[in-house]
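Each chain, letter by letter, is given below.
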Amino acid sequence: MNPRLAILSGGRAGTVEPLTGAVSSIGRHATCRVRLDADQDTEVSNRHAVIQKKDGVWTVRDLGSINGTYLNGTRISAEQPLNDGDLLRLGASGPELQFLVSDRAPVAEPTREPVAFQPAKPALSAEELNRIMEEEHAGQLARDAARAARRRQVIRLVSSVAGAVLVVSAALFLWRQQVAKRAAREAHLLLLATADSMMASVAELQVMVPAMRASLDSSRQAATRLRAALEEAGPGAPDSPAIMARLDSAITRERDIARAAEFDAVAVAVPSQAAVGLVVARYADGSTALATGFGVRRDGSGGVLLTTRQVVVDPQGNAPVQVLLLMPGVAQPLTAQVVATHSTEDVSLLRVSLRGGIQVVQGLAWKEPPVAAGTPLAIVGYAPPITPPADGDWRKAAVSVTTATGTAARVAAEFVTVDGWGSSVGAGSPVIDAEGLVAGIIATAAPSAGGRLYDAVPMKFALELLDQLQ
């Protein structure tokens, strides 16, 4: 017996819809195979769910609906198999449907109480939704082709051969045009529904940091413009996939900003703050270069620190005549020696002497890549500008470590671009992940981003220098 859906509650309660194809969409839109009442069933999305037959097994899947799809009382996040008599619910208090295959399963009574609300699961990607849509179109094409074949047989019985050929040819041409237009319309509506679902998932995000709030507002405005451009493009537009990809990128940006707003950078930085110092390099021409440095190895007589190469090598390739290090909790500046400088990357090693040893950071992230794009980060260092003491006595300098929140905006094998929020970030500052591990060292600020984007050198290059000390 053919499978069917018995609608138990809602605006179409009491009706039974046969599932005649391999793919059947469910929703309020007029093109859905199983259409719910557009006025009464308000919890149902335009394209809410889809039932498919794969390898002889019937399955159900949610199409990124706002209120979710429930199978036997449980909200589904992925494709689930259907058994004879299973109950579906579109939204926690939406209409109920029963999947029936045989006559053995009795038609259930509608549930009077809504199911318990369950949090939304990640929406389907545009690629998955497009694939499901294409499968449904293929089934429709097959059914339409069968109907067209039956019409051609009738025409051949009542018409001459020449007339029949002419009529069938014209009918096929019109049919193909209609199918193509309908497929384009449905694909366009599905893209718009996906865009609306994605935008709704981040609509309530709020942040308090002014720089983050400005970026969040900018991303939302971009998403709104892209949604309007997607609608204006119309069915079958060749640039719709590109617009959708840019919209997905804008939504991802909003989520990354929200993650950074919830990230406690200060708590992550505390275990390593005592290991972060200010490097002061004096050159023969009287100039002074400043950067952040941080301890990575210690012994009873001092230890080794990482800093940026640009503080110990000037643009002409000259070395400083003196390098000092100001460390938290150490009253006097420490004299430092440059022990290694990377040949291509912006990393150098310093060594200082201190009875009992220096403080070191909590740990280093040696993995590749050190972080994933979108990961929130803590940046610890001495923020510019720093004014040197008038008399050159750095014991009198009033400087302190600051902590900023950032996000890994781009991750590559040779660098990590960090999107910094709040205070400025100094070169040489460690970039620390949620586990307290240093993932990179700040090299330079990108001027195209107004000084907010920073390139960080991954720790694998620091390991190359540290290996030379073995």
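Up top you'll find the structure we're talking about.
An account of the accompanying structure is given in this report. Predicted model only: the values in this text are computed from it and were never measured.

Each value, and the rule that gives it
- Residues numbered from 1 in each chain as written.
- Predicted model: local features only at pLDDT ≥ 70, side-chain atom pairs only at ≥ 80, totals over all residues.
- Heavy atoms only, no water.
- Helix = DSSP H or I, 4+ residues; strand = E, 2+ residues; numbered from the N terminus.
- Buried < 20%, exposed > 50% of the residue type's maximum accessible area, 1.4 Å probe, protein only.
- Contact = heavy atoms within 4.5 Å.
- Areas by Shrake-Rupley, 256 points an atom, 1.4 Å probe, with all protein chains shown as cover.
- Phe/Tyr/Trp six-rings, centres within 6.5 Å; stacked < 30°, edge-to-face > 60°.
- Arc of directions from axis to C-beta.
- Pairing = 2+ DSSP bridges.
- Axes fitted to C-alpha atoms, helices over the stretch in contact; angles between N-to-C directions.
- Parallel < 35°, antiparallel > 145°, perpendicular 65-115°, else oblique.
- Left-handed = near helix turned anticlockwise from the far one by under 90°.
- Core = buried A, V, L, I, M, F, W, Y, C linked by side-chain atoms within 4.5 Å.
- Lys, Arg positive; Asp, Glu negative; His and termini not counted.
- Salt bridge = Lys/Arg side-chain N within 4 Å of Asp/Glu carboxyl O.
- Polar contact = N/O pair within 3.5 Å; in protein donor to acceptor, adjacent residues only side chain to side chain.

Bringing the overall build of the protein chain into the picture now. Of the regular secondary structure elements, the protein chain holds 6 helices and 23 strands. Residues counted as buried form 46% of the 470 residues belonging to the protein chain. For the protein chain, restricting intrachain contacts to residue pairs at least 6 apart in sequence, the fraction spanning at least 24 positions comes to 62%. Summed over all atoms, the accessible surface of the protein chain reaches about 22,800 Å², with 54% contributed by carbon and sulfur.

Using the criterion set out here, one finds 1 aromatic pair in the structure. Taken together, a centroid distance of 6.2 Å and an interplanar angle of 50 degrees make the contact between Trp 58 and Phe 99 tilted. Here Phe 99 lies in strand S11 (residues 96-100) and Trp 58 lies in strand S6 (residues 57-62), a separation of 41 residues in the sequence.

Residue position: Val 280 is located in strand S12 (residues 276-282). Each C-alpha atom of the pair Val 280 and Pro 333 lies 9.4 Å from the other, and the pair is 53 residues apart in sequence. The contact partners of Val 280, leaving out residues within four places of it in the chain, are Thr 288, Ala 289, Leu 290, Gln 322, Val 323, Leu 324, Leu 326 and Trp 394.

Take helix H5 (residues 265-273) next. All of the buried residues along H5 are Ala 265, Val 268, Ala 269 and Ser 272. Buried positions in H5, seen along its axis, are confined to an arc of 90 degrees and lie on one side of it. Contacts from the buried residues of H5 go to S12, strand S18 (376-381), strand S19 (402-411) and strand S21 (430-432).

So, on to unusual backbone geometry. Here the residue pair Glu 368 and Pro 369 is connected by a cis peptide bond, since its omega of -10 degrees sits within 30 degrees of zero. For the bond running from Pro 384 to Pro 385, omega is 0 degrees, close enough to zero to count as cis. Checked against the element boundaries, Pro 385 lands in the loop between S18 and S19. With a phi close to 50 degrees, Asn 72 is a non-glycine residue in the positive phi region. Examined against the element boundaries, Asn 72 turns out to sit in the loop between strand S7 (69-71) and strand S8 (74-75).

All right, on to the environment of Arg 225 then. Its place among the elements puts Arg 225 in helix H3 (residues 210-233). Distance from Arg 225 to Leu 247, taken between C-alpha atoms, is 9.0 Å for residues 22 residues apart in sequence.

Let us look at the pairing of strand S17 (residues 348-353). Note: strand S14 (residues 302-307) against S17, 6 bridges, orientation antiparallel. Within the sheet, the bridge partner assigned to Thr 307 lies in S17 and is Ser 348. When strand S16 (residues 334-341) meets S17, the two strands line up antiparallel, connected through 5 bridges. Looking at the pairing, Val 338 lines up with Leu 350 of S17. The hairpin turn running from S16 into S17, its antiparallel successor, is 6 residues long.

Below, the discussion takes up the sheet that holds S12. With antiparallel pairing, 6 strands are arranged side by side around a closed barrel as S12-S13-S14-S17-S16-S15. Here the average twist between neighbouring strands, direction ignored, is 40 degrees. Where S12 lies against strand S13 (residues 288-299), 7 bridges are found, and the strand directions are antiparallel. Across the sheet, residue Gly 277 finds its bridge partner in S13, namely Gly 293.

Let us look at the environment of Ala 275. If you trace the backbone, Ala 275 turns up in the loop between H5 and S12. Note on Ala 275: relative accessible area 1%, which makes it buried. C-alpha separation for the pair Ala 275 and Val 360, spaced 85 residues apart in sequence, amounts to 4.8 Å. The contacts of Ala 275, once residues within four sequence positions are left out, are Gly 293, Phe 294, Gly 295, Met 327, Gln 359, Val 360 and Val 361.

Another point: the packing of H3 against helix H4 (residues 240-262). Contact geometry of H3 with H4 gives a least axis separation of 9 Å together with a crossing angle of 160 degrees. The angle between H3 and H4 places the two elements in the roughly antiparallel class. Note on packing geometry: the crossing formed by H3 with H4 is left-handed. Seen from H3, the contacting residues are Met 212, Ser 215, Leu 216, Ser 219, Arg 220, Ala 223, Leu 226, Ala 229, Leu 230 and Ala 233; seen from H4, they are Ser 240, Ile 243, Met 244, Arg 246, Leu 247, Ala 250, Ile 251, Arg 253, Glu 254, Ile 257, Ala 260 and Ala 261.

Another aspect to go through is the nonpolar core. Core analysis: the largest hydrophobic core is formed by 34 residues, its most contacted members being Phe 294, Val 296 and Leu 306. Taken together, the elements giving at least two residues each to this core come down to H5, S12, S13, S14, strand S15 (322-326), S18, strand S22 (438-446) and helix H6 (459-467). The element contributing the most residues to this core is H6, with 5 residues. Apart from the residues within four sequence positions on either side, Leu 306 is in contact with Thr 292, Gly 293, Phe 294, Val 296, Val 347, Ser 348, Leu 349, Ile 441, Met 459 and Ala 462.

The subject of this paragraph is the side chain of Asp 41. For Asp 41, the position within the fold is in the loop between strand S4 (34-35) and strand S5 (49-54). Of the buried charged residues, Asp 41 lacks a salt bridge, with Arg 12 as the closest side chain of opposite charge at 7.2 Å. Within polar-contact distance, the side chain of Asp 41 engages the backbone nitrogen of Asp 37 at 3.0 Å. Apart from the residues within four sequence positions on either side, Asp 41 is in contact with Gly 10, Gly 11, Arg 28, Leu 36 and Pro 95.

What follows concerns the side chain of Asp 346. With respect to the helices, strands and loops of the structure, Asp 346 is situated in the loop between S16 and S17. No salt bridge is formed by the buried Asp 346, whose closest oppositely charged neighbour, Arg 309, lies at an N-O distance of 4.6 Å. Within the local environment of Asp 346, its side chain forms a polar contact with the side chain of Thr 308, the two groups lying 2.7 Å apart. A polar atom in the side chain of Asp 346 sits 2.7 Å from the backbone nitrogen of Arg 309. Contact partners of Asp 346, with chain neighbours within four places excluded, come to Thr 307, Thr 308, Arg 309, Gln 310, Ala 443, Thr 444 and Val 457.

Nothing here speaks to function; it is geometry throughout.
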